Amino acid sequence: MRILLEGLTKRFGAVAAVESLDLEIESGEFVAFLGPSGCGKTTTLLMVAGIYKPTAGAIVFGDRRVEHLLPKDRGIGMVFQSYALYPHMTVSENIAFPLELRKGIPKAERERRVRAAAEQVQVGQLLDRRPAQLSGGQQQRVALARALVKEPDILLLDEPLSNLDARLRHVMRGEIKRLQKDLGITSIFVTHDQIEALTMADRVALMQDGHLRAYGAPEELYERPGNLFVAEFIGNPPMNFLSGELARRDGALAAVSDGLALPLPESAVGGLRGDGSAQAVTLGLRPEDLIVEPPDRGQVRGEVYVVEPMGREQVVEVRIGERTLRVIAPPSFTGQIGDAVGIGVNADRLHLFDPDSGERLN
């Protein structure tokens with residue numbers, strides 16, 4: 001089922017929670033709404049679900065406008081952050097509850113659907129238990145089965161993994177992604193966790209203060225962030241930013257920042273002013289595009305400020321004057337706090353942004 005949002009707006013008094021949002025989700029696509037708290041992602045989901053009525057704009061499922069329809073008439077299944085299971089009901093009764101509200105479904109058909117939904121999420125052996133007898137991961141699966149038992153056209157998930165520990169989150173990320181692809185159901189997943197969004201979604205809608213700041217495949221947002229907000233939000237460890245300028249040095253194009261001059265390809269010349277004069281820029285460098293080297297090598301010299309071992313890699317913070325750069329180093333790195341080091345820079349991976357508008361220049 002294709003979803004189209006046109007000029008979708010939600011205001012609470014004078015506060016605009018979502019402002020003129022335009023978004024299209026293809027049939028069978030898995031889209032993540034990502035952003036910090038208060039950005040409008042859950043409000044948007046609740047408007048799609050019919051729980052909130054839009055202040056303005058249109059919501060289209062397929063070729064039908066639905067913003068006037070009640071949630072039960074929209075053909076959706078929803079999984080909430082809290083799971084919202086009824087404690088006095090068994091797993092079977094919890095899963096079947098949405099069908100009990102519908103008229104005309106024979107008992108045998110209800111039982112078939114419950115068993116099928118339970119098997120899809122691997123809780124078929126738990127149908128006689130009550131929620132208090134289940135682990136967090138099992139409760140999450142039951143909530144998912146309850147959403148699927150209606151055989152909906154659209155699946156909505158509101159931060160369903162946030163109550164799980166790290167290991168279970170990792171397991172359930174894979175389970176939900178596999179299930180969504182197997183069913184081919186159009187799905188929207190709300191999360192503030194970029195790892196969840198980047199690993200699970202076909203496309204990510206990144207929101208800030210009620211506005212859509214980027215919409216694209218995870219690799220697109222990571223490799224070519226269109227503005228400073230996307231560059232800052234996407235990536236772990238976060239991107240390094242330096243104030244500098246884009247100018248010509250001895251006829252060659254370069255990004256310059258406090259003595260650091262990084263050669264640039266001529267394709268980046270579009271960032272220069274029309275008269276060829278230097279232009280202020282914000283330089284962005286991801287930690288994995290920097291290399292820790294001996295102090296007599298690299299384009300810049302600094303000292304180790306702190307080392308964070310991460311198992312397969314180490315995050316090294318290097319102090320250069322008043323600035324600190326994060327660098328990804330291999331597990332074999334043995335530098336200690338205070339050691340002098342050099343930093344090599346992959347200039348081909350440099351990101352350039354306008355410091356005023358925040359928009360990408362290269």
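Scroll up a little and you will see the structure.
Keep in mind it's a predicted model, so treat the numbers as computed, not measured. (Residues numbered from 1 in each chain as written. Predicted model: local features only at pLDDT ≥ 70, side-chain atom pairs only at ≥ 80, totals over all residues. Heavy atoms only, no water.)

A. Local environment of the sheet that holds strand E5 (residues 64-65). With antiparallel pairing, the four strands of this open sheet are ordered in space as E2-E1-E4-E5. The open sheet has two edge strands, strand E2 (15-25) and E5, and neither has a second partner. Strand direction decides the pairing type here: strand E1 (residues 3-12) and E2, joined by seven bridges, are antiparallel. Residue pairing for E2: Leu5 is matched across the bridge by Leu23. Along the sheet, helix H1 (residues 41-49) contacts E1, E2 and strand E4 (56-61); its crossing angle with E1, the most-contacted strand, is approximately 115°. (Pairing = 2+ DSSP bridges. Helix = DSSP H or I, 4+ residues; strand = E, 2+ residues; numbered from the N terminus. Contact = heavy atoms within 4.5 Å. Axes fitted to C-alpha atoms, helices over the stretch in contact; angles between N-to-C directions.)

B. Local environment of empty space enclosed by the protein. For the structure shown, the criterion picks out one cavity of 30 Å³ or more. The wall of the largest cavity is formed by Gln120, Val121, Arg141, Leu144, Met172, Glu175, Ile176, Arg178 and Leu179. Here the lining of the largest cavity takes five residues from helix H5 (residues 166-183), the largest share from any one element. The residue inventory of the lining of the largest cavity, partitioned by class, reads five nonpolar, one polar and three charged. (1 Å grid on protein atoms, 1.4 Å probe; cavity = no way out; pocket = protein on both sides within 12 Å on 5 of 7 lines; lining within 4 Å. Points joined across faces, edges and corners; volume = space filled by probe spheres on them. Nonpolar A, V, L, I, M, F, W, Y, C, P; charged D, E, K, R; others polar.)

C. Representation of the packing of aromatic side chains within the structure. Summed over all chains, the structure comprises five aromatic pairs. Ring centres 4.9 Å apart and planes at 55° place the aromatic pair Tyr86 and Phe97 in the tilted group. Of this pair, Tyr86 sits in the loop between strand E6 (76-79) and helix H2 (91-100) while Phe97 sits in helix H2, placing them 11 residues apart in sequence. Residue classification places Phe97 among the partly exposed positions, given a relative accessible area of 24%. Of note, Lys10 hangs over the ring of Phe12, and the distance from its end group to the ring centre comes to 5.2 Å. Note that Arg286 overlies the ring of Tyr222, its terminal NZ or CZ placed 4.1 Å from the centroid. (Phe/Tyr/Trp six-rings, centres within 6.5 Å; stacked < 30°, edge-to-face > 60°. Buried < 20%, exposed > 50% of the residue type's maximum accessible area, 1.4 Å probe, protein only. Lys NZ or Arg CZ within 6 Å of the ring centre and 35° of its normal.)

D. Up close: the packing of helix H4 (residues 136-148) against H5. Orientation of H4 relative to H5, taken along the N-to-C sense of each, is 20°, at an axis distance of 11 Å. Taken together, H4 and H5 sit at an angle that is classed as roughly parallel. The two elements H4 and H5 meet at a crossing, and its hand is right-handed. For the pair H4 and H5, the contacting residues are Gly137, Gln140, Arg141, Leu144 and Leu148 in the first and Leu168, Val171, Met172, Glu175, Ile176, Leu179 and Leu183 in the second. (Parallel < 35°, antiparallel > 145°, perpendicular 65-115°, else oblique. Left-handed = near helix turned anticlockwise from the far one by under 90°.)

E. Summary view of the packing of H2 against helix H3 (residues 107-120). Running from amino to carboxyl end, H2 crosses H3 at an angle of 125°, the nearest separation of the two axes being 9 Å. Relative to H3, the element H2 is oriented oblique. Regarding H2 and H3, the two cross each other, and that crossing is right-handed. Here Ser92, Ile95, Ala96, Leu99 and Glu100 of H2 lie close against H3, whose contacting residues are Arg110, Arg113, Val114, Ala117 and Ala118. When grouped by side-chain class, the residues that make up the contact of H2 with H3 number six nonpolar, one polar and three charged.

F. Seen up close, the sheet that holds strand E14 (residues 279-285). Strand order in the open sheet formed by five strands is E13-E12-E11-E14-E20, and the pairing between neighbours is antiparallel. Each end of this open sheet is capped by a strand with a single partner; those strands are strand E13 (260-263) and strand E20 (351-353). In this sheet, adjacent strand axes meet at a mean angle of 40° when their direction is disregarded. Where strand E12 (residues 252-257) meets E13, four bridges bridge the pair, whose relative direction is antiparallel. Across the sheet, residue Ala254 finds its bridge partner in E13, namely Pro263.

G. The pattern of salt bridges, seen in detail. Scanning the model with the defined rule gives 16 salt bridges in all. One salt bridge connects Glu151 with Arg113, and the closest N-O pair in it is separated by 3.9 Å. Of this pair, Glu151 sits in the loop between H4 and strand E7 (154-158) while Arg113 sits in helix H3, and the two are 38 residues apart along the sequence. For Glu151, a relative accessible area of 49% puts it in the partly exposed group. By sharing partners, the salt bridges in this structure join Glu109, Arg112, Arg113 and Glu151 into a single network. (Salt bridge = Lys/Arg side-chain N within 4 Å of Asp/Glu carboxyl O.)

H. Highlighting H3. Under the 1.5 Å per step criterion, the end-to-end length of H3 is 20 Å for 14 residues, consistent within 8% with the ideal 20 Å. Every buried residue of H3 is listed here: Arg110, Arg113, Val114, Ala117 and Ala118. Buried residues of H3, viewed axially, fall in a sector of 130°; they line one side. Projecting away from the buried face of H3 at angles above 90 degrees are the exposed residues Ala108 and Glu119. At its buried positions, H3 is contacted by H2 and H4. (Expected span 1.5 Å × (residues − 1). Arc of directions from axis to C-beta.)

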